[in-house]
Amino acid sequence: RLSRFNNLFNYFWFTVIKMNLNNISMYPIQRNRRLRSNESIRSLIRENVLTPNDFIVPLFVVEGKNLRESIPSMPGYSRMSLDLLAGEVKSLWQLGLKAVLVFVKVPDHLKDNKGKEALNKDGLMQRSVKTIKDAVPEMVVMTDVALDPYSSFGHDGIVEEGKVVNDPTVEVLSQMGLSHAQAGADVLAPSDMMDGRVLKIRTALESNNFKDTLIMSYSAKYASSFYGPFRDALDSAPGFGDKKTYQMDPANRSDAVVEALRDIEEGADIVMVKPGIAYLDILREIKNAVNTPVAAYQVSGEYAMLKAAAEKGWLNHDEVMLEQLLAFKRAGANLIATYHAKEASVLIS
């Protein structure tokens, strides 16, 4: 009888446990949707949040007075003269934006093969830096360090016998960067992809007592077709060939980590990936490999595509814009250079 009782007892508990397991499978203990049930809960557990502190604002500067020239391939974006630049920077600061990246459109008569105008202490870039610092001293001023805006060939370096030569270009870039620091730039952003330029620039800065000037290196800048509208803005398209002998092959991934690590060894404080949305895998690879801040550049072509699609009514502009910017943060960007910075800041403030 005891044996029969034990068998019945075991059968009873087996049945109970089986029923509970069935119930568990029918009504899961973990329901992921509980964490999405309302906006208050979603906001409490949100991993990434956009703020104006995330953005770098690219600015295009042109000679003249009271000029605001629209860029047809970049709807809503303009080149501006120095007198308007001061007011623009003040408005950016009021929105909570704290960093600008300056590009200049150099008149054709000042362009040559060796970038002589890039070293002019009274050049447009140098005056732009001073104008911004006079208007908003606290604004972080980043400057583009590359020869293409100054080159009669439209390349990022000096051309000899049809080739862009590395070492002579690096010598000019180091002096160009030093002149930007002397004008008051906080961050130098070499975008040329010449070998060794970060070390040369860092050495020039250290030798001239600009030890606190940062370098944000375009470490992984790809030979992309997304740059077209930017080249319209600065009239800096290459006059012959392309930039594939110095900008990176879009098919390659591991090269990006090598470039970033080397730039950090040479003295870069921040490394950048360019372009943006199409290269989020590269952004994450570099973020996983380095301990320095990582920037991403949402480039002109990416900006223009969204503007065009929104104009057609195919996409909700603001929703897609914020989703793309959030994707940069999710992929690991500490800083995002974007032409959407101003309009995004208005929405999220």
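Scroll up a little and you will see the structure.
Anyway, here's the lowdown on the structure attached to this text.

Rules used throughout
Residues numbered from 1 in each chain as written. Predicted model: local features only at pLDDT ≥ 70, side-chain atom pairs only at ≥ 80, totals over all residues. Heavy atoms only, no water. Phe/Tyr/Trp six-rings, centres within 6.5 Å; stacked < 30°, edge-to-face > 60°. Lys NZ or Arg CZ within 6 Å of the ring centre and 35° of its normal. Helix = DSSP H or I, 4+ residues; strand = E, 2+ residues; numbered from the N terminus. Expected span 1.5 Å × (residues − 1). Buried < 20%, exposed > 50% of the residue type's maximum accessible area, 1.4 Å probe, protein only. Contact = heavy atoms within 4.5 Å. Salt bridge = Lys/Arg side-chain N within 4 Å of Asp/Glu carboxyl O. Core = buried A, V, L, I, M, F, W, Y, C linked by side-chain atoms within 4.5 Å. Patch = residues over 30% accessible without salt bridge, like charges linked within 9 Å, V, L, I, M, F, W, Y side chains within 5 Å. Areas by Shrake-Rupley, 256 points an atom, 1.4 Å probe, with all protein chains shown as cover. Axes fitted to C-alpha atoms, helices over the stretch in contact; angles between N-to-C directions. Parallel < 35°, antiparallel > 145°, perpendicular 65-115°, else oblique. Left-handed = near helix turned anticlockwise from the far one by under 90°. Nonpolar A, V, L, I, M, F, W, Y, C, P; charged D, E, K, R; others polar.

## Overview of the packing of aromatic side chains
So, step 1. Applying the stated criterion across every chain yields a total of 10 aromatic pairs.
So, step 2. One aromatic cluster is present, built from ring pairs that chain together Phe60, Tyr77, Phe103, Tyr218, Tyr297, Tyr303 and Tyr339.
So, step 3. Sitting over the ring of Tyr227, Lys274 keeps its end group 5.0 Å from the ring centre.
So, step 4. Taking NZ or CZ as reference, Lys274 lies 4.5 Å from the ring centre of Tyr297, over its face.

## A few points about helix α4 (residues 124-135)
So, step 1. Helix length check: α4, at 12 residues, gives a terminal C-alpha distance of 16 Å against a target of 16 Å (1.5 Å per residue), a fit within 8%.
So, step 2. Among all positions of α4, only Leu124, Met125, Gln126, Ser128, Val129, Thr131, Ile132, Lys133 and Ala135 are buried.
So, step 3. Structurally, α4 contributes buried residues whose contacts are with β1 (55-62), α3 (82-94), β4 (99-105), β5 (140-145) and α5 (166-183).

## Comments concerning the pattern of salt bridges
Oppositely charged side chains can pair when the atoms bearing their charge come close.
So, step 1. With the rule as written, the count across this model stands at 19 salt bridges.
So, step 2. Among the salt bridges present, the one from Arg46 reaches Glu39, with a minimum N-O distance of 3.2 Å.
So, step 3. Classification of Arg46 by relative accessible area gives partly exposed; the value is 39%.
So, step 4. Judged by its relative accessible area of 41%, Glu39 falls in the partly exposed class.
So, step 5. Where Asp269 meets Arg202, a salt bridge forms, and the shortest distance between an N and an O atom there is 2.8 Å. Here Asp269 is found in the loop between α8 (254-266) and β10 (270-274), whereas its partner Arg202 is found in helix α6 (residues 197-207), with 67 residues between them in sequence.
So, step 6. Several salt bridges converge on common partners, so that one network encompasses Glu39, Arg42 and Arg46.

## Re the nonpolar core
So, step 1. Membership of the largest hydrophobic core comes to 98 residues, with the highest contact counts inside it found for Phe60, Met216, Leu283, Ile286 and Tyr297.
So, step 2. In this structure, Phe60 is in contact with Ile71, Met74, Tyr77, Ser78, Arg79, Met80, Phe103, Phe230, Ala233, Leu234 and Tyr339, ignoring residues within four places of it in sequence.

## Thoughts on a nonpolar patch on the surface
So, step 1. A surface patch of nonpolar side chains, about 340 Å² in accessible area, is lined by Leu35, Leu44 and Ile45.
So, step 2. Along the chain, Ile45 falls in helix α2 (residues 39-45).
So, step 3. What makes Ile45 partly exposed here is its relative accessible area of 46%.

## Topic: the side chain of Thr292
So, step 1. Along the chain, the position of Thr292 falls in the loop between α9 (280-289) and β11 (294-298).
So, step 2. Overall, Thr292 belongs to the buried group, its relative accessible area being 17%.
So, step 3. Residues within four places of Thr292 in sequence aside, it is in contact with Ile264, Asp269, Val271 and Asn334.

## Things to note about the environment of Ala310
So, step 1. Here Ala310 is to be found in helix α10 (residues 300-311).
So, step 2. In sequence terms Ala310 and Ala99 are 211 residues apart; their C-alpha atoms lie 27 Å from each other.
So, step 3. Each residue touching Ala310, except ones within four places of it in the same chain, is listed here: Leu315 and His317.

## Quick word on the packing of α5 against α6
So, step 1. Remark: α5 packs on α6, axes separated minimally by 8 Å, with the N-to-C direction vectors making an angle of 45°. Judged by the angle between their axes, α5 and α6 are oblique. In this structure, α5 meets α6 at a crossing whose hand is right-handed. Along the contact surface, α5 presents Val170, Glu171, Leu173, Ser174, Leu178 and Ala181, while α6 presents Arg197, Lys200, Ile201, Ala204 and Leu205.
So, step 2. Of the residues in the contact of α5 with α6, the class split is seven nonpolar, one polar and three charged.

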